[in-house]
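Letter by letter, the chains look like this.
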Amino acid sequence: MFRRNDVDSVGSDEAVIATNDDASSCKRCAVALGYWKDRYINYFVKATDRKAPEINRGYFARTVTIKILVDKFIEVTNGNCQIVNIGAGFDTLYWRLVEEGKSVKGFVEFDFPGVTSRKCLYIQRTKQLLQAVSDEDYDVKLNRNNLHGHTYKLTGVDLRNLTEVEAKVKESDLQPDLPTLFLAECVLVYMPLQKSAQLLRWIADRFKSALFINYEMVNLGDRFGEVMLNNLRTRGCDLAGADACQTTETQRKRFLENGWAGADSCDMVGIWSRLPPEEVARVSQIELLDEQELLRQLFAHYAFTTAWTDHRWSEVTL
Amino acid sequence: MPQVTEEAAKRAEEIKNEANEHFKKQQYERAIELYTAAIELDDNTAIYYGNRSLAYLRTECFGYALEDASKALELDKSYIKGYYRRASAYMSLGKFKLALKDYETVTKTRPNDRDARLKFQECQKVVKMIMFQKAIAVEENTKTVAQSIDLRSMVIEDDYEGPRLEEGMVTENFMLELMEHYKAQKKLHRRYAYKILLDIKKQLMKLPTLVDVPIPDGAKFTVCGDIHGQFYDLMNIFKLNGLPSTTNPYLFNGDFVDRGSFSVECIYVLFGFKLLYPDHFFMSRGNHESVTMNQMYGFQGEVKAKYTAQMAELFTEVYNWLPLAHCLNNRVLVMHGGLFSTDDVTLDDIRKTERNRQPPETGIMCELLWSDPMPGKGRAPSKRGVGIQFGSDITWNFLEKNNLEYIIRSHEVKSEGYEVTHGGNCITVFSAPNYCDSMGNRGAFITMTGGDLKPKFTTYEAVPHPPVKPMAYANSILSLFS
């Protein structure tokens with residue numbers, strides 16, 4: 001199998017960036033139907049075609065799980081913590097937390113400059129978004145790809161470039177000794193294995209009280225996984241990190257082998273069964289799902305992996 | 001709850017007026033912001049929620065719109081606009097019965113309001129179309145869509161190069177041309193499309209609900225499962241197993257459309273063959289041959305995109321007449337879903353079932369289209385929320401009571417395209433491979449010969465198709481009512 005040359009890898013960066021647009025419009029669709037509340041997603045992405053019910057439920061499951069875990073982390077640390085969203089895309093978590101009055105010491109988002117530049121633009125020109133990152137005593141500093149507020153910081157960076165990451169982490173005023181939650185939603189899989197391993201190792205080295213929440217594909221070895229890989233490849237998305245997505249075990253191992261003290265991994269079938277039953281009942285009523293197997297297969301091929309460098313955070317679960 | 005101060009109320013009112021100004025200029029996001037601000041100062045005024053609800057409708061946030069409308073009505077039961085808003089939200093969320101209730105409330109409170117009456121009637125039309133009711137087709141005073149089609153007004157343009165019916169009839173030539181035409185992603189002229197539907201409806205109306213299919217000794221017979229708009233895979237079935245003919249009869253067991261985006265092509269090919277070989281080509285209704293499914297999973301959108309809304313309505317009438325089950329040589333029963341919630345159902349009970357309607361939520365017709373087999377014994381509620389799950393003893397009892405050998409059903413995707421369960425008494429066949437372009441499953445069909453009727457399975461992978469993704473036509477329900 002030939003290695004892609006540089007021209008091709010620029011192409012595939014664009015395809016990876018496009019996954020953010022896709023995920024954001026899926027989330028907007030689900031929000032519009034009432035799956036969860038998000039008053040901010042509309043500022044980042046336009047309305048598009050309605051998605052199939054299993055897609056909406058899938059996005060619900062992923063978004064609500066992240067929210068539950070993040071809320072728990074903020075609670076057990078009493079807000080004396082930081083949140084770092086890796087490959088954040090147009091995620092609106094920061095604004096939803098502010099709306100709920102949940103404050104943290106630092107909230108940093110990293111993504112390709114091609115993404116952060118657009119996000120900066122949307123924030124700048126939307127009062128509600130700008131308001132939440134502004135502070136009376138602190139001027140919001142921004143340039144094309146970066147936005148620095150008092151708590152919230154948005155930074156353009158190539159995560160495969162560790163030196164760049166180190167520099168940006170420093171610039172973002174992240175305190176390595178504070179409890180820090182790292183969030184990655186379908187991000188690591190697009191990085192070559194040694195690059196993501198490098199990144200994870202570096203984080204474990206620097207942040208002694210870290211919790212990592214990784215959501216991405218799993219069980220890619222079967223037919224469904226094969227078809228998924230193929231479909232993504234035709235769109236130009238090469239899952240360079242697919243090897244770590246073979247099973248929940250390989251997902252755990254990639255953390256344990258890179259300096260993390262403990263790790264836990266559960267596929268979405270398991271996660272779905274642990275979500276609050278009233279919520280599950282509520283969303284199951286929003287749309288009738290004609291074929292349960294579609295949802296089950298979807299759920300069997302995505303997983304949440306949590307890893308920690310501080311044993312206290314092993315308690316942050318559903 | 002803290003009382004709203006006069007000052008706060010006054011300020012809230014000012015902000016609301018500002019919001020209204022933005023709304024008028026279609027600056028909905030800004031209007032929502034301001035309504036929210038007004039609510040923060042004064043959360044007791046129904047109008048703020050009502051107005052915000054309308055702004056949410058405009059920005060297609062139907063979930064929020066519903067919430068706000070309900071809140072407005074909670075604060076003020078007599079706030080008429082609240083019912084309108086809520087009804088709109090319900091319509092957009094596909095909850096038509098609930099929308100109708102709200103429109104009804106308005107017409108009762110405002111009997112002289114013409115607009116209210118119009119909306120109520122429109123909604124009623126939609127509800128009648130899709131809600132479960134005993135529609136008796138041959139009712140003298142209701143005009144069917146079929147009766148209102150005027151084929152003569154549909155002129156064939158000079159540059160139409162597609163297949164033509166010969167004196168209004170389907171011929172073998174027509175079918176061959178049609179399939180090639182469709183493979184090239186072209187459209188059949190609407191005049192011929194409508195003619196096929198009108199003729200099919202007439203034919204289906206004459207059929208019993210349970211069709212008895214005789215298979216002579218040694219003669220071949222093929223049963224296919226769900227196709228779900230996967231036209232190119234349907235063509236592959238014919239390639240693997242031969243085109244339908246009087247010596248190569250087929251039974252297609254429901255779910256011909258939805259999800260796959262070539263549903264129109266599939267259904268016209270199937271209906272075409274049914275017209276061409278009425279006694280050698282059989283079609284059974286699936287749960288997707290219904291309005292709620294077609295609205296959500298793309299068929300209705302596809303028909304509207306390729307033809308007209310009127311044709312979509314005609315499809316509803318046609319689907320209502322599809323038989324619900326087939327019995328092969330009095331020995332093998334074939335239905336889309338499965339068996340029943342009670343022990344004493346006979347073939348005669350199926351024959352007597354009134355089928356010209358949308359599938360109901362309970363009863364024989366519902367269960368024929370929706371039930372699933374399960375491992376173990378007894379019954380359990382369906383995971384789908386409609387129909388039931390039935391165990392091996394249920395199947396055995398049913399077969400024994402009705403003197404049958406086994407049942408064939410479809411309805412569930414299987415990784416190998418088929419599954420034999422209940423000790424061979426219950427076979428599932430699913431013919432749409434790589435379902436939704438994502439499942440990676442094989443498709444399958446069953447062949448058998450008259451005589452022993454032993455099932456043989458052929459499985460196959462998906463074939464390539466033009467880059468139209470599944471559910472391409474399943475747009476959000478257009479809000480005609482906000």
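None of the values given here were measured: they were computed from a predicted structure.

Things to note about the overall build of chain A
Here's step 1: If you tally the helices and strands in chain A, you get 13 helices and nine strands.
Here's step 2: Rg of the C-alpha trace for chain A: 19 Å, near the compact-globule value of 20 Å for 318 residues, within the 12% margin.
Here's step 3: When the backbone C-alpha atoms are referred to their principal axes, chain A occupies close to 55 × 45 × 40 Å.
Here's step 4: If you take every contact in chain A between residues at least 6 apart in sequence, the share linking residues at least 24 apart comes to 77%.
Here's step 5: Roughly 13,400 Å² of accessible area belongs to chain A as shown, and the carbon and sulfur atoms make up 49% of that amount.
Here's step 6: Put simply, chain A has 40 plus and 45 minus side-chain charges, and the middle of one group is 2 Å from the middle of the other.

Concerning the domain arrangement of chain B
Here's step 1: If you check the domain split of chain B, you get domain 1 (6-136) and domain 2 (170-481).
Here's step 2: For domain 1 of chain B and domain 2 of chain B, the distance between their C-alpha centroids amounts to 41 Å.

Some details on the pairing of strand β5 (residues 152-156) of chain A
Residue and element names in this part refer to chain A.
Here's step 1: Counting buried residues along β5, five of its five residues qualify, which places the element largely inside the surrounding structure.
Here's step 2: What you see with β5 is no split at all: Tyr-152, Leu-154 and Gly-156 on one side and Lys-153 and Thr-155 on the other are buried throughout.
Here's step 3: Where strand β2 (residues 106-111) and β5 come together, five bridges link them in parallel fashion. Paired with Asp-111 across the bridge in β5 is Gly-156.

Focus on unusual backbone geometry
All names here are of chain B.
Here's step 1: Unusually for a residue other than glycine, Gln-26 sits at a positive phi of about 65 degrees.
Here's step 2: Position of Gln-26 relative to the elements: it lies in the loop between α1 (6-24) and α2 (28-41).
Here's step 3: The backbone of Asn-403 sits at a positive phi, close to 60 degrees, despite the residue not being glycine.
Here's step 4: By the secondary structure assignment, Asn-403 is in the loop between α17 (392-401) and β10 (406-409).
Here's step 5: The exposure class of Asn-403 is exposed, given its relative accessible area of 66%.

Side note on the confidence of the model for chain A
Here's step 1: Of all residues in chain A, 97% attain a pLDDT of 70 or more, and the chain-wide mean is 93.
Here's step 2: Note that residues 1-11 of chain A has pLDDT below 50 and, in this model, one contact with residues that lie over four places away or in other chains.

Focus on helix α3 (residues 46-58) of chain B
Residues and elements named next belong to chain B.
Here's step 1: With 13 residues, α3 ought to run about 18 Å at 1.5 Å a step, and its terminal C-alpha atoms sit 19 Å apart, in line with that.
Here's step 2: Among the 13 residues of α3, 11 are classified as buried, and the element is accordingly described as predominantly covered.
Here's step 3: Tucked inside the fold, the buried residues of α3 contact α1, α2, α4 (62-75) and α5 (80-92).
Here's step 4: One or two steps after α3, the chain reaches Glu-60, where phi turns positive at roughly 60 degrees.

Quick word on the UniProt feature "domain: Serine/threonine specific protein phosphatases" (unreviewed entry) in chain B
Here's step 1: This chain's UniProt record puts "domain: Serine/threonine specific protein phosphatases" (unreviewed entry) on residues 188-464 of chain B.
Here's step 2: The span residues 188-464 of chain B is 32% helix and 19% strand, and its two end C-alpha atoms sit 22 Å from each other.

Some remarks on the UniProt feature "binding site: S-adenosyl-L-methionine" (unreviewed entry) in chain A
Residues and elements named next belong to chain A.
Here's step 1: Mapped onto this numbering, the UniProt entry annotates "binding site: S-adenosyl-L-methionine" (unreviewed entry) at Arg-62, Gly-87, Asp-158, Leu-159 and Glu-185. Spanning 124 residues, the named residues are also spread out in space, since their farthest C-alpha pair is 24.6 Å apart.
Here's step 2: Among the secondary structure elements, Arg-62 is positioned in helix α3 (residues 53-76).
Here's step 3: The class of Arg-62 is buried, set by a relative accessible area of 8%.

A word on the sheet that holds strand β4 (residues 147-148) of chain A
All names here are of chain A.
Here's step 1: An order of β3-β4-β5-β2-β1-β6-β7-β9-β8 is seen for the nine strands of this open sheet, with the pairing classed as mixed. Looking at the sheet topology across the chains shown, the edges are occupied by β3 (141-142) and β8 (262-267).
Here's step 2: Alignment of strand β1 (residues 82-86) against β2, held across five bridges, turns out to be parallel. If you follow Ile-83 over to β2, its bridge partner there is Phe-107.

Structural notes on helix α9 (residues 190-205) of chain B
All names here are of chain B.
Here's step 1: With 16 residues, α9 ought to run about 22 Å at 1.5 Å a step, and its terminal C-alpha atoms sit 22 Å apart, in line with that.
Here's step 2: Turning to α9, its buried residues are Tyr-192, Ala-193, Tyr-194, Ile-196, Leu-197, Leu-198, Asp-199, Ile-200, Lys-201, Gln-203 and Leu-204.
Here's step 3: If you follow the buried residues of α9, they end up packed against α8 (172-183), α11 (263-276) and α14 (309-319).

Quick notes on the pattern of salt bridges
Residues and elements named next belong to chain A.
Here's step 1: What the rule picks out here adds up to 51 salt bridges over all chains.
Here's step 2: Between Glu-249 and Arg-252 there is a salt bridge, with its nearest N and O atoms 3.1 Å apart. With a gap of three residues between them, Glu-249 and Arg-252 both fall in helix α10 (residues 248-256), about one helical turn apart.
Here's step 3: Taking relative accessible area as the criterion, Glu-249 reaches 40% and is therefore assigned partly exposed.
Here's step 4: Between Arg-296 and Glu-293 there is a salt bridge, with the nearest N and O atoms lying 3.3 Å from each other. Placement of the pair is Arg-296 and Glu-293 together in helix α13 (residues 292-300), with a separation of three residues, close to one helical turn.

Digging into the side chain of Ser263(B)
Here's step 1: Relative to the helices and strands, Ser263(B) resides in helix α11.
Here's step 2: Sequence-distant contacts of Ser263(B), that is, excluding residues within four places in its chain, are made with Gly229(B), Val257(B), Asp258(B), Phe299(B) and Glu302(B).

A closer look at the sheet that holds strand β11 (residues 418-421) of chain B
Residue and element names in this part refer to chain B.
Here's step 1: Spatially, the six strands line up as an open sheet ordered β1-β5-β6-β10-β12-β11, and their pairing is mixed. Looking at the sheet topology across the chains shown, the edges are occupied by β1 (210-213) and β11. Averaged over all adjacent pairs, the angle separating strand axes in this sheet is 20 degrees, with direction ignored.
Here's step 2: Of the pairings in the sheet, the one linking β10 to strand β12 (residues 426-429) comprises three bridges and is parallel in character. Each bridged residue has a counterpart across the sheet, and for Arg-409 the counterpart in β12 is Thr-428.

Focus: the nonpolar core
Here's step 1: In terms of nonpolar packing, the biggest core is built from 162 residues, with Trp95(A), Met217(A), Leu239(A), Leu333(B) and Ile350(B) touching the most fellow members.
Here's step 2: The residues that make up this core include at least three from each of domain 1 (6-136) and domain 2 (170-481) of chain B.
Here's step 3: The residues contacting Leu239(A), other than those within four sequence positions of it, are Val189(A), Tyr190(A), Met217(A), Leu220(A), Leu229(A) and Leu232(A).

Some details on the UniProt feature "active site" (unreviewed entry) in chain B
Here's step 1: Under the UniProt annotation, the feature "active site" (unreviewed entry) is placed at His288(B).
Here's step 2: A residue is classified by how much of its surface remains accessible, and His288(B), at 2% relative accessible area, is buried.
Here's step 3: Once you skip the residues sitting within four places of it in the chain, His288(B) turns out to touch Asp290(A), His228(B), Asp255(B), Val257(B), Asp258(B), Met293(B), Asn294(B) and Tyr297(B).
Here's step 4: Separated by 2.7 Å, the side chains of His288(B) and Asp290(A) make a polar contact.

A closer look at the pairing of strand β7 (residues 210-217) of chain A
Residue and element names in this part refer to chain A.
Here's step 1: Most of β7 is tucked away, with eight of its eight residues classed as buried.
Here's step 2: Judged from the six bridges that link them, strand β6 (residues 180-185) and β7 form a sheet pairing that is parallel. Each bridged residue has a counterpart across the sheet, and for Ala-184 the counterpart in β7 is Asn-214.
Here's step 3: Between the parallel pair β6 and β7, the chain is carried across by helix α8 (residues 193-206), and the sense of this crossover is right-handed.
Here's step 4: Sheet analysis places β7 next to strand β9 (residues 302-308), joined by seven bridges and oriented antiparallel.

Structural notes on the packing of helix α7 (residues 162-171) of chain A against α8(A)
Residue and element names in this part refer to chain A.
Here's step 1: Their axes nearest at 11 Å, the elements α7 and α8 cross at an angle of 35 degrees. Considering the relative orientation of α7 and α8, their crossing is right-handed. Seen from α7, the contacting residues are Leu-162, Val-165, Glu-166 and Val-169; seen from α8, they are Gln-198, Leu-199 and Trp-202.
Here's step 2: Looking at the contact of α7 with α8 residue by residue, the class counts come to five nonpolar, one polar and one charged.

Things to note about the interface of chain A and chain B
Here's step 1: Contact residues are listed per partner, giving 34 residues for chain A and 38 residues for chain B.
Here's step 2: Buried surface at the junction of chain A and chain B, both sides included, amounts to about 2,900 Å², of which 47% is carbon and sulfur.
Here's step 3: Taken as a group, Arg50(A), Leu288(A) and Asp290(A) account for 23% of the area that chain A buries against chain B, more than any other trio of residues on that side.
Here's step 4: The tally of links from chain A across to chain B stands at four salt bridges.

Quick notes on the rules
- Residues numbered from 1 in each chain as written.
- Chains lettered and ligands numbered in written order.
- Predicted model: local features only at pLDDT ≥ 70, side-chain atom pairs only at ≥ 80, totals over all residues.
- Heavy atoms only, no water.
- Helix = DSSP H or I, 4+ residues; strand = E, 2+ residues; numbered from the N terminus.
- Rg over C-alpha atoms; globule rule 2.2 N^0.38 Å.
- Contact = heavy atoms within 4.5 Å.
- Areas by Shrake-Rupley, 256 points an atom, 1.4 Å probe, with all protein chains shown as cover.
- Lys, Arg positive; Asp, Glu negative; His and termini not counted.
- Charge placed at Lys NZ, Arg CZ, Asp CG, Glu CD.
- Domains from an automatic or database assignment.
- Buried < 20%, exposed > 50% of the residue type's maximum accessible area, 1.4 Å probe, protein only.
- Pairing = 2+ DSSP bridges.
- pLDDT = per-residue confidence, 0-100.
- Expected span 1.5 Å × (residues − 1).
- UniProt positions renumbered as here; feature names shortened; annotations may be inferred.
- Salt bridge = Lys/Arg side-chain N within 4 Å of Asp/Glu carboxyl O.
- Axes fitted to C-alpha atoms, helices over the stretch in contact; angles between N-to-C directions.
- Core = buried A, V, L, I, M, F, W, Y, C linked by side-chain atoms within 4.5 Å.
- Polar contact = N/O pair within 3.5 Å; in protein donor to acceptor, adjacent residues only side chain to side chain.
- Right-handed = clockwise from strand over helix to strand, strands pointing away.
- Left-handed = near helix turned anticlockwise from the far one by under 90°.
- Nonpolar A, V, L, I, M, F, W, Y, C, P; charged D, E, K, R; others polar.
- Buried area = accessible area lost by both parts, 1.4 Å probe.

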